[in-house]
Amino acid sequence: HTDNLPDIIFLDIYSAEFDAWEFLDKVQLLYPAFSKPIEIYILSASRYQGDIDRLKQYDLVKAFILKPITKEVMQKLIVQRELAETKFATIESLN
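As the structure is a prediction and not an experimental result, all values here were calculated from the model.

Novice: What is the right way to look at the overall build of the protein chain in this model?
Specialist: Across its full length, the protein chain carries 3 helices and 4 strands. Starting at the N terminus, the α and β elements of the protein chain follow one another as β-α-β-α-β-α-β. In terms of overall size, the protein chain behaves like a compact globule, its C-alpha atoms giving a radius of gyration of 13 Å where 95 residues would be expected to give roughly 12 Å. C-alpha atoms of the protein chain, sized along the principal axes, occupy 40 × 30 × 20 Å. Taken over 95 residues, the protein chain has a buried fraction of 33%.

In structure tokens, the structure reads:
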């Protein structure tokens, strides 16, 4: 049901609680059955190029956001969503 699905998911790629890659694989499989689009934004304190390249393979992952999450980073994210950017982006603070 559409009311039960989020519009956005923020996912820490190196969460100690669960395997983010497994989560992405499962969501990617189920995604065509979802009643509305969901955008996933990946959070990480590490800019490992291998992870970024792997994330680009998931259509529902819209951006890689480098921690810390600042007001500037959130403003960039809002602009990206307003422009309906469909390509993968890397978002980080300039500070």
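Novice: Which parts of the structure should I look at to understand the sheet that holds strand 1 (residues 8-12)?
Specialist: Pairing between the strands of a sheet comes from backbone hydrogen bonds, and it takes one of two forms, parallel or antiparallel. An order of 1-2-3-4 is seen for the 4 strands of this open sheet, with the pairing classed as parallel. The outermost strands of the open sheet, each flanked by one partner alone, are strand 1 and strand 4 (89-91). Strand-to-strand twist in this sheet, taken as the mean axis angle between neighbours without regard to direction, amounts to 25 degrees. Pairing analysis gives 3 bridges linking strand 3 (residues 61-66) to strand 4, with the strands arranged parallel. The residue bridging Phe64 from the neighbouring strand is Thr90, located in strand 4. Against the sheet, helix 1 (residues 20-30) makes contact with strand 1, strand 2 (39-44) and strand 3, and its axis sits at roughly 150 degrees relative to strand 1, the strand it touches most. Here helix 3 (residues 71-82) sits on the sheet and contacts strand 1, strand 2, strand 3 and strand 4; the angle it forms with strand 4, its principal contact strand, is near 155 degrees.

Novice: Would you mind showing me how to read the nonpolar core here?
Specialist: Within soluble globular proteins, side chains that are nonpolar tend to cluster in buried spots. Ile13, Leu24, Ile40, Ile42, Leu55, Val61 and Phe64 are the most contacted members of the largest nonpolar core, which has 16 residues in total. Elements supplying a minimum of two residues to this core: helix 1, strand 2, helix 2 (49-55) and strand 3. Ignoring any residue separated from it by four or fewer positions in sequence, one finds Phe64 in contact with Ile42, Ser44, Ser46, Arg47, Ile52, Leu55, Phe88, Ala89, Thr90 and Ile91. In this structure, Tyr41, Val73, Ala89 and Ile91 belong to the second largest nonpolar core, which totals 8 residues.

Novice: Looking at this structure, how should I read the side chain of Asp51?
Specialist: Summarising the element assignment, Asp51 is placed in helix 2. Arg54 provides the closest opposite charge to the buried, salt-bridge-free Asp51, at an N-O distance of 5.6 Å. For Asp51, the side chain forms a polar contact with the side chain of Tyr14, separated by 2.3 Å. Once residues lying within four places of it in the same chain are set aside, the contact partners of Asp51 are Tyr14 and Trp21.

Rules behind the numbers
Residues numbered from 1 in each chain as written. Predicted model: local features only at pLDDT ≥ 70, side-chain atom pairs only at ≥ 80, totals over all residues. Heavy atoms only, no water. Helix = DSSP H or I, 4+ residues; strand = E, 2+ residues; numbered from the N terminus. Rg over C-alpha atoms; globule rule 2.2 N^0.38 Å. Buried < 20%, exposed > 50% of the residue type's maximum accessible area, 1.4 Å probe, protein only. Pairing = 2+ DSSP bridges. Axes fitted to C-alpha atoms, helices over the stretch in contact; angles between N-to-C directions. Contact = heavy atoms within 4.5 Å. Core = buried A, V, L, I, M, F, W, Y, C linked by side-chain atoms within 4.5 Å. Lys, Arg positive; Asp, Glu negative; His and termini not counted. Salt bridge = Lys/Arg side-chain N within 4 Å of Asp/Glu carboxyl O. Polar contact = N/O pair within 3.5 Å; in protein donor to acceptor, adjacent residues only side chain to side chain.

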